[in-house]
Each structure stands twice: as C-alpha cells, then as structure tokens.
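A structural walkthrough
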Amino acid sequence: MIKRWVGILFMMATMLSLMNGFAVGAARVTVTDVMKAREYTDSTISTESLPYRLYIPESYSPDHSYYLLLHLHGAGERGEDNLKQIANGDMTRLIYRILNDEALREQFIIVAPQCPQDKRWVEKEWGAGTYSVDSTPQSIPSQQVMSLLQKEITVKYNVDAERIYVTGLSMGGFATWDLICRYPEYFAAAIPVCGGADASYADKIKHIPIWTFHSSNDQIVDPTGTYDMVTALRKLGADITYTKTDEGTKNDAMGHSAWAPAYREEELLSWLLSKTKSSSTSDASDTALNTSVSVSDQNQTTSSDNTTGDTASDSGKSSIAVWITAGTALALAAVGILLLAKRKKDS
C-alpha cells in the first residue's frame, strides 16, 4: 500500500513539473505581442506616414527615465504591414532578450520603424559596402525616424538622453552607421550589423562606442566598408569592437546573416548597458585600450541554425529548472511519507 502511494506521488511530481514547465514556456514574452503598432507623420518631411512598432514598459512612470533602443530592419522587411520588421526571430533577437529579462523590460523603450517598400534607409546600392555620406542626402524614411525620436518619443516619454542606443542589420546596418555619422552627439552606442559605412567619418564618431558584426565572406554587402571603418576608428583609439561572424553564418550560402550570431552574443547586452554618452565622451581613450580588438582577434562561433525567435534556449533552461525543483520537492515528500510509515510500522 505504501509503495502504491509513493508511486502515485512520483507520478504527481512528474505531472506538476511538466505543467510548470509549460507554464514557464507560455510566459515568455513575444516581440509581436507586446510591441504595439503605431504610425507617425511629420508633414514637414512627407505626407506619408511612417509605420513603427513601440514598446513601453507596463510600469512606465513619467517620474522615471528610460533607456531607448532604436532597431532598424533590413531590405526584406520593408513594406506597410507594420509587422515584418519585428516578425523574424533572429533579426529581433536582441529585442527578445530585453523583453524576456524581467528587469530590463521595465527599463527600456523600444522603437522599430518600417521603411516603405520602394525606399531605403540609405539611398545607395549596398553591394559595395561603402558610400559617401556627404554626397548622399539623408533619405525621407531616415528623416522620419529621427523626427519620430526627437519630436514624438523623447517628448512624450521620459527618455534618458544619456542612453539612446541604435542597432540595425543589413540595410539597417547601413542606416546605423549613417545615423551616427549624421547625428554624432545623439547616440550613446551603436551596433551596426553587416552594413556599409563611410570611413571618412571615423573622426566624427570616434567617441561613440561601437560593436559591429560582419562576415568576411558576405556576398550581399561587401565587408570592406566595415573593415575600413573599423581600421580607421582603431587608429583613432576609439571604443570599437569588430566580430567576424564567419562561423555563425556558415550555413548561409551568401554569408550575409550576421544578425543571427550577433544578436545572440552573450556579452552584447552587458556591453550595451555599460555605455552612456557622458562616459563614452570622457573615457573613450581609456575604454579603447580595454575593449578594442583587432579585426582578426574576435570570431563569432555561435550557430545560426535556429531561426525561431520566440523559443530561446533560456526558456528551455527555465522549464528544466522548474521541473527539477517541483519534482525534487514532491519526490522528497514521497520518501518522507515512506520513512514515516515504516517508522510507525516498526514501532
């Protein structure tokens, strides 16, 4: 009889563990669910609206200042559905990581605009991986993005001006480099991924901490622009880190999907959170001595096989942890009952 009850308790432990595991998995925040669809129009720039997604913490209070992250998508996510720019898991992995960190999701405001199908963030062919900022007028969508930040987001919400960050991939990588070149005093740090840059602007952005990712075998956007900018910035003692994503993009025949390993980089969030405008400006030289790496020194080895963005490995780890905790507790209870029953029988 005792053995029967112990068996039942063990079965209950397993079932409870499974239920808790599923509950943890279900509790994961998905990017598309929590980033709300919005539109922005600045008639001084264009009569056409700019679709964008916006995340505001549930506990938002005007008495508290918040970090701001601008996320700029690639060419394939252009359109007017106001969804594609946040629908790809690997491309929005950094956002996903923030939203699934209980502390960070209450600290960040996140903006993800969508570029029209017939336009580009930077109106240049991207194959060469480099271009001239001076000879390229700022695009209408790019102007709209900055207007959105300066006239809407930072006016309506209490944004910490010391912590405005920008990242983008592919066409958005171009835009990330382009925006920090055009607005060098606005951003606290930048993460351009497989984009193109104008190395002649290195001196103007040398105070901005930058972590850039690009594969040396990228056949869509030539990495030369990234390499030249990194080289120029390192010569100026800037806080610049360049990660080659060759290993992380080995399953991509075109070698272009650097965003997959980039946004999974374990140290990326802690690096980003350590950057502020004031510290970047005053300590740029000292920081560079500690954090800058040569182009060949740091290689990304994270696999990019998993492209399902809302099933991160940390979710599985959380489920396993709950499984072990609940299962162990009930198992110990079962053993305790068995021992108690045996003691009563012996007495």
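Residues numbered from 1 in each chain as written. Predicted model: local features only at pLDDT ≥ 70, side-chain atom pairs only at ≥ 80, totals over all residues. Heavy atoms only, no water.

Attention shifts here to the layout of surface pockets. Considered as a void within the structure, the second largest pocket measures approximately 180 Å³ in volume. Looking at the second largest pocket, it is lined by 14 residues, and the ones nearest its centre are Glu48, Ser49, Pro51, Glu80 and Pro116. Take the lining of the second largest pocket: its biggest share by element is three residues, from helix H5 (residues 140–156). Residues that form the lining of the second largest pocket fall into these classes: four nonpolar, six polar and four charged. (1 Å grid on protein atoms, 1.4 Å probe; cavity = no way out; pocket = protein on both sides within 12 Å on 5 of 7 lines; lining within 4 Å. Points joined across faces, edges and corners; volume = space filled by probe spheres on them. Helix = DSSP H or I, 4+ residues; strand = E, 2+ residues; numbered from the N terminus. Nonpolar A, V, L, I, M, F, W, Y, C, P; charged D, E, K, R; others polar.)

Here the focus is H5. Helix length check: H5, at 17 residues, gives a terminal C-alpha distance of 23 Å against a target of 24 Å (1.5 Å per residue), a fit within 8%. Its axis deflected by about 35° at Leu149, H5 carries its strongest bend there. Those residues of H5 lying buried are Pro141, Ser142, Gln144, Val145, Met146, Ser147, Leu148, Leu149 and Ile153. (Expected span 1.5 Å × (residues − 1). Bend = angle between axes of the 7 residues up to and from the residue. Buried < 20%, exposed > 50% of the residue type's maximum accessible area, 1.4 Å probe, protein only.)

It is worth spelling out the confidence of the model for the protein chain at this point. On average, the protein chain scores 83 in pLDDT, and the residues at 70 or more come to 73%. In this model, residues 13–26 is a region of pLDDT below 50 whose contacts with residues beyond four sequence positions or in other chains number 19 contacts. Predicted confidence is poor over residues 285–326, with pLDDT under 50, and the contacts of this stretch with residues over four places away or in other chains come to 89 contacts. (pLDDT = per-residue confidence, 0-100. Contact = heavy atoms within 4.5 Å.)

Before going further, it helps to examine the packing of aromatic side chains. On inspection of all chains with the given rule, the structure shows eight aromatic pairs. Geometrically, the ring pair formed by Phe108 and Tyr165 is tilted, given 6.4 Å between the ring centres and 40° between the ring planes. Residue Phe108 is found in strand E4 (residues 108–113), and its partner Tyr165 is found in strand E5 (residues 159–169); the two are separated by 57 residues along the sequence. Overall, the relative accessible area of 0% leaves Phe108 in the buried class. Both rings, one in Trp211 and one in Phe213, keep their centres 5.4 Å apart while their planes meet at 15°; by these two values the pair is stacked. Of the two residues, Trp211 and Phe213, neither departs from the other in class, the shared state being buried. One aromatic cluster is present, built from ring pairs that chain together Tyr60, Tyr66 and Tyr157. The ring of Trp126 is capped by Arg120, whose NZ or CZ atom sits 3.8 Å from the centre of that ring. (Phe/Tyr/Trp six-rings, centres within 6.5 Å; stacked < 30°, edge-to-face > 60°. Lys NZ or Arg CZ within 6 Å of the ring centre and 35° of its normal.)

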